[in-house]
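What follows is the residue order along each chain.
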Amino acid sequence: MDPSSLPSYDELPAVAGAPSGSSWGVWGEGDVFGCLNLLSAERVQAGVACARRGAVFNLNLELELPSPPLFSRSAFEHTVHDFPLGHDDELSGWNTQSSSQWDGFRHMKHPVYGHYNAVDDEMHGIQHWARRGIVGRAVLADVARWRSSVGRPIDADSATAIEIDDLMATLDAQGVELEVGDILLLRTGWVGWYRGLRAAERAEVAARAALVACGLQRGVASARALWNLHIAAIAADNPALEVMPFGFGRREEALSWKEDPGRAAETMLHFSLLGLLGIPIGELFDLDALADDCAADGRYTCLLTSAPLNLSAGVASPPNALAIK
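All values derive from a computational prediction rather than experimental measurement. (Residues numbered from 1 in each chain as written. Predicted model: local features only at pLDDT ≥ 70, side-chain atom pairs only at ≥ 80, totals over all residues. Heavy atoms only, no water.)

## Here's the deal with the state of the cysteines
A complete count under the given rule lists 0 disulfides for this structure. With no disulfide partner, Cys35 has as its closest neighbouring cysteine sulfur the one in Cys302, 19 Å distant. For Cys35, a relative accessible area of 2% corresponds to the buried category. The cysteine Cys214 is free of any disulfide, with Cys294 supplying the nearest cysteine sulfur at 19 Å. (Disulfide = S-S within 2.5 Å. Buried < 20%, exposed > 50% of the residue type's maximum accessible area, 1.4 Å probe, protein only.)

Written as structure tokens, this is what we have:
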């Protein structure tokens with residue numbers, strides 16, 4: 001589909017077996033790329049044009065962080081083996097989502113309609129994204145810095161919801177406009193907060209029955225706004241992109257998606273972004289150094305490259321992401 005003719009959220013075509021607010025069929029039956037289809041050669045070139053100084057920023061946390069891992073995920077064991085001329089090493093018990101990550105479309109399905117584009121979940125392996133690569137123009141929305149500047153700092157260790165209005169006001173203050181096919185980077189400040197914790201405090205965060213963290217407001221309004229921006233993907237520096245705890249256990253929200261499946265985003269934004277709209281989600285990206293540089297030179301665009309694991313039927317992957325300015 002010509003990116004200029006993409007339907008708005010409320011104009012998304014009706015597809016048999018899918019609810020309203022679904023992009024199923026927009027890029028053809030059986031599509032496994034979703035909004036990554038927007039990363040055309042032209043968008044790659046737009047990203048390359050942002051690489052003016054040759055400054056490179058690693059967007060991946062240390063593989064050991066968070067420690068302990070969140071959501072009861074396993075902590076890997078790193079073993080170095082000796083051989084006569086050197087070493088090799090192996091990781092055991094490694095969860096691909098224990099640190100910086102892309103959530104693949106296998107990771108989360110819509111609770112009523114299943115995985116994106118009605119494709120069998122094993123067909124959604126992360127290898128598809130790896131073999132085409134994720135490269136394009138990225139835009140940083142430093143919401144944490146903007147909210148502090150207007151006297152509304154984000155408390156990372158609370159269920160502080162970032163509204164779409166906050167996102168748009170940040171972009172406006174930064175003087176940058178999103179273009180169709182951009183990769184949106186959302187800085188909440190969570191990683192910086194986490195780095196400041198002592199080991200015992202990190203253990204307490206990981207041990208919580210329900211993780212509490214700042215993040216993007218969930219709901220249909222957020223899903224609609226993100227689709228209407230026509231981004232290729234969104235990645236943030238907090239544990240789940242969206243505010244936590246999720247809506248599970250709240251009877252009125254659980255009923256809302258059982259009776260009206262299109263409103264499952266009120267319980268968990270992942271349901272709409274991954275399962276219905278095909279918008280890849282990045283989590284725990286390390287955006288602090290990039291944000292400092294953007295604030296210093298006033299330029300919030302960059303070339304982003306990401307090479308997910310070329311793992312057949314993989315559910316998720318470290319992003320292996322670089323930003324270049």
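## Looking at the nonpolar core
Leu59, Leu167, Ile183, Leu185, Trp190, Leu226 and Leu290 are the most contacted members of the largest nonpolar core, which totals 92 residues. Those residues in contact with Leu185, other than ones at most four positions away along the chain, are Leu59, Ala138, Val139, Leu140, Ala141, Ala235, Phe285, Leu287, Leu290 and Leu304. (Core = buried A, V, L, I, M, F, W, Y, C linked by side-chain atoms within 4.5 Å. Contact = heavy atoms within 4.5 Å.)

## A look at the pairing of strand 5 (residues 134-141)
Look at any regular strand and the pattern is simple: side chains alternate between the two faces of the sheet. Here strand 5 lies mainly inside the structure; 7 of its 8 residues are buried. Two strands pair when backbone bridges link them, and strand 5 and strand 11 (residues 301-306) are joined in this way by 6 bridges, in the antiparallel orientation. Within strand 11, the residue paired with Val139 across the bridge is Thr301. Pairing geometry for strand 5 and strand 7 (residues 183-186), over 4 bridges, is parallel. By the bridge assignment, Ala138 is partnered in strand 7 with Ile183. (Helix = DSSP H or I, 4+ residues; strand = E, 2+ residues; numbered from the N terminus. Pairing = 2+ DSSP bridges.)

## A short note on the side chain of Asn117
Tracing the sequence through the fold places Asn117 in the loop between strand 4 (101-103) and helix 2 (127-132). Residue Asn117 is classed as buried on the basis of its relative accessible area of 7%. Here Gly25 takes part through its backbone nitrogen, which lies 3.1 Å from a polar atom of the side chain of Asn117. (Polar contact = N/O pair within 3.5 Å; in protein donor to acceptor, adjacent residues only side chain to side chain.)

## Some details on unusual backbone geometry
Residue Pro66 is reached from Leu65 by a cis peptide bond, and omega for that bond is -10 degrees. Residue placement: Pro66 occurs in the loop between strand 1 (56-58) and strand 2 (77-83). With an omega of 10 degrees, the peptide bond between Met244 and Pro245 qualifies as cis. Of note in the backbone geometry, Ser72 takes a positive phi value of approximately 60 degrees without being a glycine. Structurally, the position occupied by Ser72 is in the loop between strand 1 and strand 2. What makes Ser72 exposed here is its relative accessible area of 74%. For Leu241, which is not glycine, the phi torsion reads 70 degrees and is therefore positive.

## Section: the pattern of salt bridges
Scanning all chains against the criterion turns up 21 salt bridges. We note a salt bridge from Asp121 to Arg106, for which the minimum N-O separation is 2.8 Å. Here the residue Asp121 occupies a position in the loop between strand 4 and helix 2, and Arg106 occupies one in the loop between strand 4 and helix 2, the gap between them amounting to 15 residues. Of the residues examined, Asp121 reaches a relative accessible area of 24% and is grouped as partly exposed. In this structure, the salt-bridge partner of Asp292 is Arg145, at a minimum N-O distance of 2.8 Å. Of this pair, Asp292 sits in helix 10 (residues 288-297) while Arg145 is found in helix 3 (residues 143-149), placing the two residues 147 residues apart along the sequence. On the basis of relative accessible area, Asp292 is assigned to the partly exposed category, the value being 45%. By relative accessible area, Arg145 is classed as partly exposed at 32%. Bridged by salt links that share partners, the residues Asp142, Arg145, Arg187, Asp288 and Asp292 form one connected network. (Salt bridge = Lys/Arg side-chain N within 4 Å of Asp/Glu carboxyl O.)

## A word on the packing of aromatic side chains
Scanning the entire structure with this criterion turns up 6 aromatic pairs. Centroid distance Phe105 to Trp129: 5.0 Å. Interplanar angle 85 degrees. Geometry classified as edge-to-face. Of this pair, Phe105 sits in the loop between strand 4 and helix 2 while Trp129 sits in helix 2, and the two are 24 residues apart along the sequence. Residue Trp129 is classed as buried on the basis of its relative accessible area, which comes to 2%. The interplanar angle of 15 degrees and the centroid separation of 5.1 Å between the aromatic rings of Trp190 and Tyr194 together place this pair among those described as stacked. Of this pair, Trp190 and Tyr194 are both found in helix 5 (residues 190-195), 4 residues apart, which corresponds to roughly one turn of the helix. On the accessibility criterion, Tyr194 (4% relative accessible area) is buried. Connected via pairs of aromatic rings, a cluster forms that spans Phe105, Tyr116 and Trp129. Directly above the ring of Phe33 sits Arg132, whose terminal nitrogen or CZ lies 4.8 Å from the centroid. (Phe/Tyr/Trp six-rings, centres within 6.5 Å; stacked < 30°, edge-to-face > 60°. Lys NZ or Arg CZ within 6 Å of the ring centre and 35° of its normal.)

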